[in-house]
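Working through the structure, step by step
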Amino acid sequence: MELSLAHPAIKAFMCGSFSGTCSTLLFQPLDLIKTRLQTLQCGMKPGSNRVGMVTVLLSVVRTEKLLGLWKGVSPSFARTIPGVGLYFSTYYSLKQHFFQDRTPMAFEAALLGGGARTVAGILMLPVTVIKTRFECGKYSYVSVTGALRSVCRTEGPAALFSGLMATLLRDVPFSGIYVMFYSQTKASLPKEISTSPSAPLANFSCGILAGILASLITQPADVVKTQVQVTPQLRTAEAVRYIYLEHGLQGFFRGAVPRALRRTMMAAMAWTVYEQMMARVGLKS
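Residues numbered from 1 in each chain as written. Predicted model: local features only at pLDDT ≥ 70, side-chain atom pairs only at ≥ 80, totals over all residues. Heavy atoms only, no water.

**Remarks on empty space enclosed by the protein**
Picture a little ball the size of a water molecule; that probe, rolled over the atoms, points out where space is still empty. What the rule picks out here adds up to 1 cavity of 30 Å³ or more. Approximately 490 Å³ is the volume found for the largest cavity. In terms of lining, the largest cavity is formed by 33 residues, of which the most central are Arg-79, Val-84, Arg-117, Arg-263 and Met-266. Elements that contribute at least two residues to the lining of the largest cavity include exactly helix 1 (8–40), helix 3 (73–98), helix 4 (106–136), helix 6 (164–187), helix 8 (199–230) and helix 10 (256–280). For the lining of the largest cavity, the element with the most residues is helix 4, which contributes 8 residues. Classifying every residue of the lining of the largest cavity gives 11 nonpolar, 9 polar and 13 charged. (1 Å grid on protein atoms, 1.4 Å probe; cavity = no way out; pocket = protein on both sides within 12 Å on 5 of 7 lines; lining within 4 Å. Points joined across faces, edges and corners; volume = space filled by probe spheres on them. Helix = DSSP H or I, 4+ residues; strand = E, 2+ residues; numbered from the N terminus. Nonpolar A, V, L, I, M, F, W, Y, C, P; charged D, E, K, R; others polar.)

Spelled out as structure tokens, the structure:
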């Protein structure tokens, strides 16, 4: 089936999947470092020396070589290729259904982003759990399918949905806030910029600003989600209590720098590539 004959939602899915592939391959090392930073605090005692992003980076390169920074890229691809495609196709479908004749307002844009992320987040959570375990270094999985079989056999299928609440509390607000800020900053661009050849660069800059704000606001939920997924016996409320009692409020912001860098750059790149590809297939994103 030629792309030109495909349903618009399928075109949006394919454009989103391609943009997710590009951004994941480039920024996987930042995700691995973020996960290692967050899981390190499980074994750290209060008052012990703080481990930083550069320390973790050098440790991974020294013990696992340079390619170790891309550990977990297979489950990342298994999640982002269909996951980002689902997100953008759901976003496109919702936008066409409810706002075909007008531009969504700020609050409506937030609902669109949050709604699309809810669908994609729930459907892709099992792969997200496997990805987190691959990256944390505590499990010796060989492949994505092998990891799925191992979890189902030893912990039961319910373990594949561990951290659901924390994941939604992180991803839904992030997407809502991101889409809201991104759409508003794009709308505020002068017309001579938004219609010029430099429009993709301007949109990318808008995406970076939106990503930084959304990442910082949702960072605590990301820390909790990681703790729950690498320690399945912890419930969300128990993980929150543990992090606070052991590490204080600052424990909820461990890994904030690599996550903000990765989420910001990935989201900005994904949206820029998605919008350019949608324009090429004749659809308004």
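Structure's up, so let's keep going.
**Some points on the environment of Ser-175**
Of note, Ser-175 is situated in helix 6. Judged by its relative accessible area of 3%, Ser-175 falls in the buried class. Residues Ser-175 and Ala-214, spaced 39 residues apart in sequence, show a C-alpha to C-alpha distance of 7.7 Å. In this structure Ser-175 touches Tyr-87, Gly-113, Gly-114 and Arg-117, once residues within four positions along its chain are discounted. (Buried < 20%, exposed > 50% of the residue type's maximum accessible area, 1.4 Å probe, protein only. Contact = heavy atoms within 4.5 Å.)

**Observations concerning the packing of helix 1 against helix 10**
With their axes 8 Å apart at the nearest point, helix 1 and helix 10 run at an angle of 170° to one another. In terms of orientation, helix 1 lies roughly antiparallel with respect to helix 10. Taken together, the residues of the contact of helix 1 with helix 10 break down into 19 nonpolar, 4 polar and 5 charged. (Axes fitted to C-alpha atoms, helices over the stretch in contact; angles between N-to-C directions. Parallel < 35°, antiparallel > 145°, perpendicular 65-115°, else oblique.)

**Notes on the side chain of Arg-117**
Tracing the backbone shows Arg-117 in helix 4. No salt bridge is formed by the buried Arg-117; the nearest opposite charge belongs to Asp-171, separated by 5.2 Å. Apart from the residues lying within four places of it in its own chain, the contact partners of Arg-117 are Tyr-87, Asp-171, Val-172 and Ser-175. (Lys, Arg positive; Asp, Glu negative; His and termini not counted. Salt bridge = Lys/Arg side-chain N within 4 Å of Asp/Glu carboxyl O.)

**What to know about a nonpolar patch on the surface**
A cluster of nonpolar side chains, Leu-57, Val-61 and Leu-66, forms an exposed patch at the surface whose accessible area comes to about 220 Å². Here Val-61 shows up in helix 2 (residues 53–64). (Patch = residues over 30% accessible without salt bridge, like charges linked within 9 Å, V, L, I, M, F, W, Y side chains within 5 Å. Areas by Shrake-Rupley, 256 points an atom, 1.4 Å probe, with all protein chains shown as cover.)

**Considering the pattern of salt bridges**
It is possible for side chains of opposite charge to pair when their charged atoms get near one another. Across all of its chains, the model carries 10 salt bridges by this definition. Between Lys-34 and Asp-222 there is a salt bridge, with the nearest N and O atoms lying 3.4 Å from each other. Within this pair, whereas Lys-34 is found in helix 1, its partner Asp-222 is found in helix 8, the two being separated by 188 residues in sequence. By the burial criterion, Lys-34 is buried, and Asp-222 matches it. The salt bridge partner of Asp-171 is Arg-170, with a shortest N-O separation of 2.5 Å. Here Asp-171 falls in the buried class, since its relative accessible area comes to 9%. For Arg-170, a relative accessible area of 5% translates into the label buried. Ionic contacts of the salt-bridge type, sharing partners, join the residues Asp-31, Lys-34, Arg-170, Asp-171, Asp-222, Arg-259, Arg-262 and Arg-263 into one network.

**Here's the deal with the layout of surface pockets**
What the largest pocket holds in volume is close to 790 Å³. The wall of the largest pocket is formed by 27 residues, among which Lys-95, Lys-186, Glu-275, Lys-284 and Ser-285 lie closest to the centre. If you list the elements that add at least two residues to the lining of the largest pocket, you get helix 3, helix 6, helix 8 and helix 10. The biggest single contributor to the lining of the largest pocket is helix 6, with 6 residues.

Don't take any of this as a statement about function, it's just geometry.
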